[in-house]
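Structural features, examined
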Amino acid sequence: MALETQIGHVVKDVLSLDSLNDAFVGYIVPSPDNDEYIRKQALDHLRQILSSQTAPENLELAVRILVTHSFTQVNPQRAQLLLSLLERLVENSIVPAKLVCEVILMSDKLTYKNCSLWCLSFQLIRRIIGGVDYKGVRDTLKLLFDCLQSIPAVTNVTALQQIEAVEDVMAYIFDRNTCLLPSYFIVTEIMKLFPEGKNWPHWRVGKMFSDFVESFKPTARMVTLAGLNNLLPVVGYAVQSGNVWKLEPSTLRFPIRGSLPYDRDVYEAQTALVRYVLEQPYSRDMICNMMGISKQQKQRSAVLEEQFVSLIVSAMEKMETDADAVMPLWKTLSSNLVFFFFFQFISFSHMVTSILTKLAGKCVRKGRDQLMWVLLQYISVSLQKQPISDFLPVLRLYDQLYPERDVLAIPDITSPNCVQQMAAACIWMLLLNKKVQASDSTKLSRSLPNALKAQIEFLQQNLRQQNLSVADYRVAVLCNAYGQQTELFPIPMGVLLENTFKQHQSVQMPGPQNCLAEGPATPLPVALLDSLTVHTKLSFINQITMHIYQLSNSKSLMAVSPSLVETYSRLLVYTEVETMGIKVFIGQLLPTVFKHHAWGILSTLLEMFAYRTYHIPAHYRVQLLSNLHSMAAIPQTNQAQFHLSVENTALRLITGLGSAEVQPVLSRYLSEPKTINLCAESEELNRALVLTLARSMHITGMANLSGSWCTDILTTIMNSTPHSWSSHTLHCFPSILAEFFQKYNIPKENKQQLKRTAEHEYQKWKTMNNENDIINHFSHQSTPPFFLCILWKIILENDGMSPIAYRVLERIGPRGLATHLRMFCDYLVFECATSTGQQVNKNIDALNDLIWKCNVVTLDRFILCLALRSFEGDEAQVCFLVIRLLITRPVEFRNRVNDYVKENSPDHWKQSSWHEKQLLYHSKYPERFWMSDLSSGQPPYLPVYFSNVCLRFLPILDLVVHRFLELPPVQSKSLEAILDCLGGLYKFHDRPVTFLYNMLHYYERKLKDRPSLKKKLLATIYGQERSENSEQCYVTDPYIQYMQGPLEDIEWTPELDYYCHLIERLVNIMTSQSTITSIKPGMSESKQVPKSPIDGMDWRFNEFPNAAAHLLHCTCVELMGLPVSSEIVGNSLIDVVLRSNPTIWKESTLMDVESWMNGIALVLTSLPDSFRLVLHTRLVEYIQRLPPDSSVINFDVFNYSAMYLTSGQVYGAYLLGLAHMVWHHCSIGQLSTIPQLIKERLMPVIQSEAQFLYVCHLVGPFLQRFREERTRCLLDLTVSLYDMLEKVDKLNEHLSNMAAICDLLYHIKYMFTGDGVKAETERIIKRLRPALQMRLRFIAHTGPENDQVQIKNEPS
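Residues numbered from 1 in each chain as written. Predicted model: local features only at pLDDT ≥ 70, side-chain atom pairs only at ≥ 80, totals over all residues. Heavy atoms only, no water.

Attention now goes to the overall build of the chain. Looking only at helices and strands, the chain features 67 helices and 2 strands. Its C-alpha atoms give the chain principal-axis dimensions of roughly 145 × 85 × 70 Å. Within the chain, buried positions represent 61% of all 1356 residues. Contacts in the chain between residues far apart in sequence, at least 24 positions, make up 79% of those at least 6 positions apart. (Helix = DSSP H or I, 4+ residues; strand = E, 2+ residues; numbered from the N terminus. Buried < 20%, exposed > 50% of the residue type's maximum accessible area, 1.4 Å probe, protein only. Contact = heavy atoms within 4.5 Å.)

What follows is the structure, given as structure tokens:
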């Protein structure tokens, strides 16, 4: 018999008896026992029927049949009777309660218009839902919400009874004390249906919903970062990487996890942040990272396009009042737009149309030339690739921006501004040419604007002139206008090429008389290159590279034109030509020249890269470094001058790696080992790489993390060039590196045996007579590498250098000579260590002759090798004594340095006579790599354009200074003597501030008790920079006065005003970088930003990409150079905002204060740990002072914006906000110290609920970042929070914020940890008070249910 029939019989029997009772209601005495018997009989029949049904779907069918019978009854009593049967079935565990609830709620017959049936159904659900597991309750809750939404929100009082029935069930489910399911699930469902509190259901339950959601506000604030919307990054700042600035690509909102009732500002689009970043030079990589944009996707971003439009329109408006302030922004926009157009992230036609719409009705004419110049850049390079219809919206701009009836005058052609003033005419000429060539039928349906007629005629007339030159900007304008006309473009381009290289002209190069190069020698000025469109620059670069290809293939003896080399290097600074610029240079040009064995050209290109390029992306630099290591292994490159060039370039590449660049690029060695070659031969380069790695790990905080990522690299280095480190160097290494090198037991040379072997080989030299035997013996690989020791002893004993010695050196080669040089350094140090003072001087004189008279080895290579040798104790002191004497005593090097510093300027991009100065310098101090009168043959002299011993010595001087700092303070005087002698060179350092910053940061522990040495270092390096670039605002006036005082005068403790000025300077720079508005949104008018002395700097030729990065590093250098402890500096920086400071608080808005807090956070995270960790001490001290009575704690006191300018616990709120900002700016390595802070310092002092809540607010916002970047820290932090809760639970009789605490723990579980700490949390929860156990039972699995789900739905 069918199931439906069987159940139907039971229902019929029950209802028939009930009908009989109804018929004889006046004659039958009702009997409760009889009714109970009838229900029991029906229950037994249903049990019998259902027990035979094994399939789950049959059970569901049976319930559905019963529900259908119930809902079809007209008499409410009959419906109640059948529903009571369902209740009995649930009570007797015949059918699950969840199934009954779901079938009732999913029935299409359940409607609020049937009041009695609706109420009976929800009353039944209310009685049985307690038997549903928490997952089932969640499913039921979703169905309840669906039913509730079927009742119109504006229903009148007639539906009140039905709403109360639903409300009763929901109130039971929502009851935190009943705890049918985690309240976190409930708020998730509510927020999913009613995001951001919109479209609440009927008012009767709407209040219940809103109150319940409001109860999660404390939890939401616990995981919300204070002031996030007003934080600003420093673009290009080394430590700021990772995901902290990532935004949702479609909404520009910060990504949030969990459906919590966050404050409204959390959901705001970060348009101000995106525009701020877009305004910064070199910001495109950061924008791509923020928005998750990939070059491979090429997907249009409407929101990014909108921000560009807003920036352009704002810039146009600002031009009307302050044109000079907006000019840097136009340059940045021009560069960035070409990139985003090229990769199709924004649409040109859409953007121009949007600009038209926003400019409608506005009279903005002063910025029209700049706008046309920006558009011209993209049009020039893409016109032939795109249909003309894509560019037609530009024509409408002519109507709006050039409505004049009068003809515009011809601009002054000698002014660089003329190219912008004629940009509109150039665009018209390009579009006109496109119309002729277009294959589509689109026509230019416009006549020439009357305002441009004179400019168009000017272009046409000048193209026919024969006397074009680069003396004015006529050539640039013609190139820009006729770039797409193949028959006309070569005319002005030919003028540029003629002034870059002339094959029929020659100029003298440094070196022998026969070392010649093509002419001319004068490069094209940067201002002229700035006036060229992207298309012209690309064409120009292509012509230059093609000419270099031809020269390298022709084996010409003529070197590359000095003008070409300098001009080419200047063209490489333009990021908009990267595809034809640095990408072709690294990936195609260098390999092709190398393939043709054009060593002179290859050396020239390496020289250009080493001394003339800026802001090259790290992956290109590492690619070049890898190629150099491959080149060095080729036998043909074993020539002294070329080997020196390769090694010098490689050293500059290694030491120039930014601290935040090292880990990402070297990690590729693990994933893509074939793409990165490590040096297989040069111990010095590998040592430099290890030192760079140590510095990077220290500054970025990676030393706090596991070092597994670098172990393979270090192992490869040790297998290729086994070496050891001095104990004083290892002491400065991060512990990970120190432990790695201590595991290697590198055998040390026996010094007595070393001396005996050197004497033995020297005696052989003196006694051997046959020339061939001498050459074969001393150049053979099996012979001990003591030949330099022999040559030194020859000079020491006043014997002349014979030609045989040079033939031996030629046979050994520069690569083999490196091994001899290392042995000679060890031998020389041992000799000097066992000699008297007079003999040491003789030793140094002989060494000086070996370098400068015999030219056997260069000074820079010798000092590099000696400074990196591993010596201990007295030998280390002797080693650096030799370095000091070799640098300071002889006049050869000092004279070269003094004359070079006196005659040259580091601002090469502003010069046109660099070649002449270089030629004069080399004629006075020629560099020789062999002895011309003794050597058996002269290898070809490679052309030199920029290099000399002074510039080559700079990276080595950096290493020497570092090695001196590792030694005991007794060597400070030696270092000061070297700085006095060579300090002038630092004005030619390509990264002087970065060098100071890295040095003071890395050696902070070594320098903290040596303030006079810090003063000397800053005075030497900053003194040179200030003499050349006084406008660069390196140091404040108080610090200048401190530096100018006597070296011994270190008694200076700055007041709080000094620190306020430092932070104010940084804040002003960051706010002034938003040039499109005079007052930032939310900033008080009294806080308008003054002009900065560094506003006019050309960041393309600077070590930093923008003013904020420059000033941040300068600020940190000055703070690290103060003669006070790091604790004093750190506390003073914190007091800038935490103490009542009129500089900040007077007439300030909340945004002003947050700008200061942001500046302090940036500085603290950029300083060594000892400066920043005072914040941890402040936090511990404040938490200890919190009142034990948690009832006095209002959650608003954790929110400094709510406590702004109020009394009470403002200090704690601002301390919390500052901690949030500091930790937000931290690298993940720096941030990984938080679990240690919680476990070791806060755990012992936490006793009250208030203290625990403060800690929750402290760490809550960083759980998401830990989950993404450092899961181990997240798990440790979670366990610590549970341990704290257990401690607080035991020490406090009453907990008043139990709900908020439990909600946070559920949020952590379902959004971050999952079952990652399941065992630990279960163990702790079972030891908590019963009320907490009840609320956390779904985490601890103390009930029969087992939690395996995680919430993944986000707020919409």
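Before going further, it helps to examine the environment of G483. The topology assignment puts G483 in the loop between α22 (474-481) and α23 (490-498). For G483, a relative accessible area of 10% puts it in the buried group. Sequence separation between G483 and L538 is 55 residues, and the spatial gap between their C-alpha atoms is 11 Å. Ignoring sequence-local partners within four residues, the contact set of G483 consists of L430, F489 and H535.

Moving on, we come to the environment of L1179. Tracing the backbone shows L1179 in helix α57 (residues 1174-1185). The exposure class of L1179 is buried, given its relative accessible area of 0%. Measuring from C-alpha to C-alpha, the distance between L1179 and Q41 comes to 71 Å, with 1138 residues separating the pair along the chain. Apart from residues no more than four positions distant in its own chain, L1179 is found in contact with L1215, A1219, W1223, Y1254 and L1258.

Tallied over the entire structure, the rule returns 53 salt bridges. In this structure, the salt-bridge partner of E647 is R861, at a minimum N-O distance of 3.0 Å. In this pair, E647 sits in helix α30 (residues 640-655) while R861 sits in helix α41 (residues 859-867), placing the two residues 214 residues apart along the sequence. Each member of the pair, E647 together with R861, is buried. Of the charged contacts in the structure, one is a salt bridge between E1286 and K1290, with a shortest N-O distance of 3.7 Å. (Salt bridge = Lys/Arg side-chain N within 4 Å of Asp/Glu carboxyl O.)

Take the packing of helix α7 (residues 134-149) against helix α8 (residues 160-174) next. The N-to-C vectors of α7 and α8 enclose an angle of 150°; their axes lie 11 Å apart at closest approach. For the element pair α7 / α8, the angle class is roughly antiparallel. In terms of crossing hand, the pair formed by α7 and α8 is left-handed. For the pair α7 and α8, contact is made by V137, L141, L144, F145 and L148 and by V166, V169, M170, I173 and F174, respectively. When the residues that make up the contact of α7 with α8 are grouped by side-chain class, the tally is 10 nonpolar, no polar and no charged. (Axes fitted to C-alpha atoms, helices over the stretch in contact; angles between N-to-C directions. Parallel < 35°, antiparallel > 145°, perpendicular 65-115°, else oblique. Left-handed = near helix turned anticlockwise from the far one by under 90°. Nonpolar A, V, L, I, M, F, W, Y, C, P; charged D, E, K, R; others polar.)

Moving on: the confidence of the model for the chain. Per-residue confidence for the chain gives a mean pLDDT of 87, with 90% of residues at or over 70. Across residues 931-938 the pLDDT falls below 50, and counting only partners more than four positions away or on other chains, this stretch makes 15 contacts in the model. In this model, residues 1343-1356 is a region of pLDDT below 50 whose contacts with residues beyond four sequence positions or in other chains number 45 contacts. (pLDDT = per-residue confidence, 0-100.)

For helix α28 (residues 599-612), spanning 14 residues, the distance from its first C-alpha to its last is 19 Å, which sits close to the expected 20 Å at 1.5 Å a residue. Buried residues dominate α28, accounting for 14 of its 14 residues. (Expected span 1.5 Å × (residues − 1).)

Note on placement: N843 falls in helix α40 (residues 837-852). The exposure class of N843 is buried, given its relative accessible area of 1%. N843 has contacts with W792, L796, E831, C832 and S835, leaving out every residue within four places of it along the chain.

Another point: the packing of aromatic side chains. All told, the structure shown has 59 aromatic pairs when counted by the stated rule. Ring geometry for Y134 against F185: centres 5.9 Å apart, planes inclined by 35°, an arrangement best described as tilted. Residue Y134 is found in helix α7, and its partner F185 is found in helix α9 (residues 183-193); the two are separated by 51 residues along the sequence. The interplanar angle of 55° and the centroid separation of 5.5 Å between the aromatic rings of F308 and F340 together place this pair among those described as tilted. Residue F308 is found in helix α14 (residues 302-319), and its partner F340 is found in helix α15 (residues 323-342); the two are separated by 32 residues along the sequence. For the pair formed by F308 and F340, the shared burial category is buried. Feature note: the residues Y134, Y184, F185, Y1306, Y1310 and F1338 constitute an aromatic cluster, connected by ring pairs. Over the ring of Y1042 we find K1015, and its NZ or CZ is 4.5 Å from the ring centre. (Phe/Tyr/Trp six-rings, centres within 6.5 Å; stacked < 30°, edge-to-face > 60°. Lys NZ or Arg CZ within 6 Å of the ring centre and 35° of its normal.)

Summed over the entire model, instances satisfying the criterion amount to 0 disulfides. Left unpaired, C418 is separated from the closest cysteine sulfur, that of C426, by 9.2 Å. C1114 supplies the cysteine sulfur nearest to C1116, a cysteine that is in no disulfide, at a spacing of 9.4 Å. (Disulfide = S-S within 2.5 Å.)

Tracing the backbone shows V11 in helix α1 (residues 3-23). For V11, a relative accessible area of 3% translates into the label buried. It is 76 Å that separates the C-alpha atoms of V11 and L359, two residues lying 348 residues apart in sequence. With near-sequence residues (within four places) excluded, V11 lies in contact with L66, H69 and L82.

Where α9 meets helix α64 (residues 1298-1313), the closest approach of the two axes is 9 Å, and the angle between their N-to-C directions is 70°. Between α9 and α64, the crossing angle belongs to the class labelled roughly perpendicular. Residue-level inspection shows S183, Y184 and F185 of α9 in contact with α64, the latter providing D1303, Y1306, H1307, Y1310 and M1311. Of the residues belonging to the contact of α9 with α64, the class tally is 5 nonpolar, 2 polar and 1 charged.

With that settled, consider unusual backbone geometry. Backbone torsion omega between G519 and P520 reads -10°, so that peptide bond is classified as cis. The residue P520 is located in the loop between β2 (516-519) and α24 (526-530) in this model. Even without glycine at this site, Q344 takes up a positive phi of about 60°.

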